[in-house]
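Structural features, examined
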Amino acid sequence: MSVAPPLARDLAAHRQGVLLVFAAGVLWSTVGLGVRLIEDALVWQILFYRSISLSVFLYLVIRWRSPQGVWAQVRACGWAGAIGGLALVAAYAGGIYAIQATSVANAMLLFATSPFMAAVLGRLVLGEAVRRATWGAIGVALIGIAVMVADQTGDVTLHGSLAALGSALGFAVFTVALRRGRAAEMLPAVFVSGLLGIAVMGVICIALGLPLVLSPRDGGLAMGMGVFQVGAGLILYTLGSKSLPAAELTLLSLAEVLLGPFWVWLFLGEAAGRNTLLGGAVLLAAIAGNALSGKRRKPPPISP
């Protein structure tokens, strides 16, 4: 029996979506390695350069993909886009600081709590219903987080874990802001975050007396992160997510969390601690269980 053309097209689109989203996760997973390879630059300097390359890259991509002008799409984002952009800048700053202050495995696993934070914020801000399974998964995730930070007695390491959770909160705010503004496209909002990142990080660097001129190595790595890690990853995710349900997107996003510690172990020999591995396993089980429990359910509608 031959497969009907519409079904064949759906299967091909699904396979392509899986490959694109997984490839996005692979690119995003290299952030820890990229930050580790930077020698002297601090988080504010890294983000300043990364925001420049990200903004230029997304400007060109948006202009190529859409008949509308770039600035018209930015204006269409409104206050939701501005709030989401600022939240994304805070998320990026917290993420890089966390990677510099604690292990990549610890930081990446804590970043993965963002969907749970988005669920709670969606309930509070948008009135979206949260499934019982998700509340249960949030409780399990909290246990995993408690195990991960239980033996972190050093101030720097503990601050890194808190920064990672703050970064996850920033991504959650960005997600809810886009849903609140009913944004159909992520790229203009992320472009706004790049522009805000240039301004905010530039002011911080000047206020702290940090040089805006980096070594060719640090500057090149930071700008490469903006194009290949954030920008290209976002393009692949945007294209792939159109043909995949939310549950599969959540499961595929675990590639970023699992591969991030692998790259730094493979190239730099950085290993994760016992509590990080144990608590991280509990956290990943909560995320996977929540995604699988909702695999056959449609996402809740956004309340007006």
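Residues numbered from 1 in each chain as written. Predicted model: local features only at pLDDT ≥ 70, side-chain atom pairs only at ≥ 80, totals over all residues. Heavy atoms only, no water.

1. What about the overall build of the chain?
Applied cut-off: Only DSSP runs of H or I reaching four residues or more are called helices, and only runs of E reaching two or more are called strands; each is numbered from the N terminus. Radius of gyration here uses only the C-alpha atoms, and the compact-globule reference equals 2.2 Å multiplied by the residue count raised to the power 0.38. Categorising residues by exposure relies on relative accessible area from a 1.4 Å probe, with only protein chains included: less than 20% of the type maximum marks a residue as buried, more than 50% marks it as exposed, and the intermediate range marks it as partly exposed. Contact between two residues is taken to exist if any of their heavy atoms lie within 4.5 Å; hydrogens are not considered. Residue-level accessible areas treat just the shown protein chains as cover; the underlying method is Shrake-Rupley with a 1.4 Å probe. Within this scheme the basic residues Lys and Arg register as positive and the acidic residues Asp and Glu register as negative, but His and the chain ends are omitted. Charge positions come from single atoms, namely NZ of Lys, CZ of Arg, CG of Asp or CD of Glu.
Scanning the chain from terminus to terminus reveals 12 helices and zero strands. Listing each helix as α and each strand as β along the chain from the N terminus yields α-α-α-α-α-α-α-α-α-α-α-α. Relative to the compact-globule value of 19 Å for 304 residues, the chain shows a C-alpha radius of gyration of 19 Å, a close match. Along the longest, intermediate and shortest principal axes, the C-alpha atoms of the chain span 65 × 50 × 40 Å. Here the chain holds 304 residues, and the buried ones make up 46% of them. Within the chain, contacts between residues separated by at least 24 positions form 90% of all contacts whose residues are at least 6 apart in sequence. When the accessible surface of the chain is split by element, carbon and sulfur atoms take 69% of a total near 15000 Å². Looking at the chain, you have 20 positive and 11 negative side-chain charges, and the mean spots of the two groups are 16 Å apart.

2. With respect to the nonpolar core
Stated precisely, the cut-off is as follows: The criterion is simple. A nonpolar core is a set of buried Ala, Val, Leu, Ile, Met, Phe, Trp, Tyr and Cys residues joined through side-chain atoms within 4.5 Å.
Residues Leu58 and Val190 are the most contacted members of the largest nonpolar core, which totals 61 residues. Not counting chain neighbours up to four residues away, the residues in contact with Val190 comprise Leu54, Leu58, Leu88, Tyr92, Phe174 and Leu234.

3. Some words on the packing of helix α11 (residues 246-268) against helix α12 (residues 274-293)
Quick note on the threshold: The convention used is that axes are lines fitted to C-alpha atoms, helices contributing only their stretch in contact, and that angles between N-to-C directions extend from 0 to 180 degrees. Between 65 and 115 degrees an angle is taken as roughly perpendicular, under 35 as roughly parallel, over 145 as roughly antiparallel, and anywhere else as oblique. Crossings are sorted by hand: turned counterclockwise from the far helix by less than a right angle, the near helix makes the crossing left-handed, and turned clockwise it makes it right-handed. Classes in brief: Ala, Val, Leu, Ile, Met, Phe, Trp, Tyr, Cys and Pro nonpolar; Asp, Glu, Lys and Arg charged; the others, Gly included, polar.
Where α11 meets α12, the closest approach of the two axes is 8 Å, and the angle between their N-to-C directions is 160°. Taken together, the axes of α11 and α12 are roughly antiparallel relative to one another. Where α11 crosses over α12, the two elements pack in a sense that is left-handed. Seen from α11, the contacting residues are Ala247, Thr250, Leu251, Leu254, Val257 and Leu258; seen from α12, they are Leu284, Ile287, Ala288, Ala291 and Leu292. Of the residues in the contact of α11 with α12, the class split is 10 nonpolar, one polar and no charged.

4. Overview of empty space enclosed by the protein
The condition that has to hold: Cavity means a closed set of points on a 1 Å grid over the protein atoms alone, one where a 1.4 Å probe fits but cannot get out, pocket means an open set with protein on both sides within 12 Å along at least 5 of 7 lines, and lining means a residue has an atom within 4 Å of a point. Grid points are joined across faces, edges and corners, and a volume is the space filled by probe spheres set on the points.
Considering all chains together, one arrives at two cavities of 30 Å³ or more under this definition. Taken as a whole, the largest cavity spans an internal volume of roughly 40 Å³. For the lining of the largest cavity, the elements supplying multiple residues, two or more each, are α3 (43-65), α4 (70-101) and α9 (187-208). A total of four residues in the lining of the largest cavity trace back to one element, the largest contributor, which is α9. For the lining of the largest cavity, the per-class residue count stands at five nonpolar, four polar and no charged. Estimated volume of the second largest cavity: approximately 30 Å³. Every residue lining the second largest cavity is listed: Val21, Gly25, Trp28, Tyr237, Ser253 and Glu256. For the lining of the second largest cavity, the elements supplying multiple residues, two or more each, are α1 (5-29) and α11. Per element, the largest residue contribution to the lining of the second largest cavity is three residues, and it comes from α1.

5. Looking at a nonpolar patch on the surface
Selection rule: Grouping into patches uses exposed residues only, defined as over 30% relative accessible area, and leaves out salt-bridged ones; the cut-off is 9 Å for like charges and 5 Å for nonpolar side chains (Val, Leu, Ile, Met, Phe, Trp, Tyr). We define a salt bridge as a side-chain nitrogen of Lys or Arg found within 4 Å of a carboxyl oxygen belonging to Asp or Glu.
Together, Phe262, Trp265, Leu266, Phe267 and Leu268 make up an exposed nonpolar region whose accessible area comes to about 530 Å². Note that Trp265 resides in helix α11. With relative accessibility at 48%, the residue Trp265 sits in the partly exposed group.

6. Some details on the confidence of the model for the chain
Under the convention used in this document: Known as pLDDT, the predictor's confidence for each residue is given on a scale from 0 to 100.
Summary statistics for the chain give a mean pLDDT of 87 and a share of 91% for residues scoring 70 or more. In the predicted structure, residues 296-304 sits below a pLDDT of 50 and forms 10 contacts with residues beyond four places in sequence or in another chain.

7. Considerations on the pattern of salt bridges
Considering all chains together, one arrives at three salt bridges under this definition. Between Glu128 and Arg179 there is a salt bridge, and its shortest N-O distance comes to 2.9 Å. Taken together, the positions of Glu128 in the loop between α6 (114-126) and α7 (132-149) and Arg179 in helix α8 (residues 155-180) put the pair 51 residues apart, joining distant regions of the chain. What makes Arg179 partly exposed here is its relative accessible area of 24%.

8. A word on the packing of α3 against helix α10 (residues 216-241)
In the contact formed by α3 and α10, the axes pass within 7 Å of each other and the chain directions differ by 40°. By the criterion of interaxial angle, the relationship of α3 to α10 is oblique. The handedness of the crossing between α3 and α10 is right-handed. For the pair α3 and α10, contact is made by Ile46, Tyr49, Arg50, Ile52, Ser53, Leu54, Phe57, Leu58, Val61 and Arg65 and by Gly219, Ala222, Met223, Met225, Gly226, Val227, Val230, Gly231, Ala232, Leu234, Ile235 and Leu239, respectively. Of the residues belonging to the contact of α3 with α10, the class tally is 16 nonpolar, four polar and two charged.

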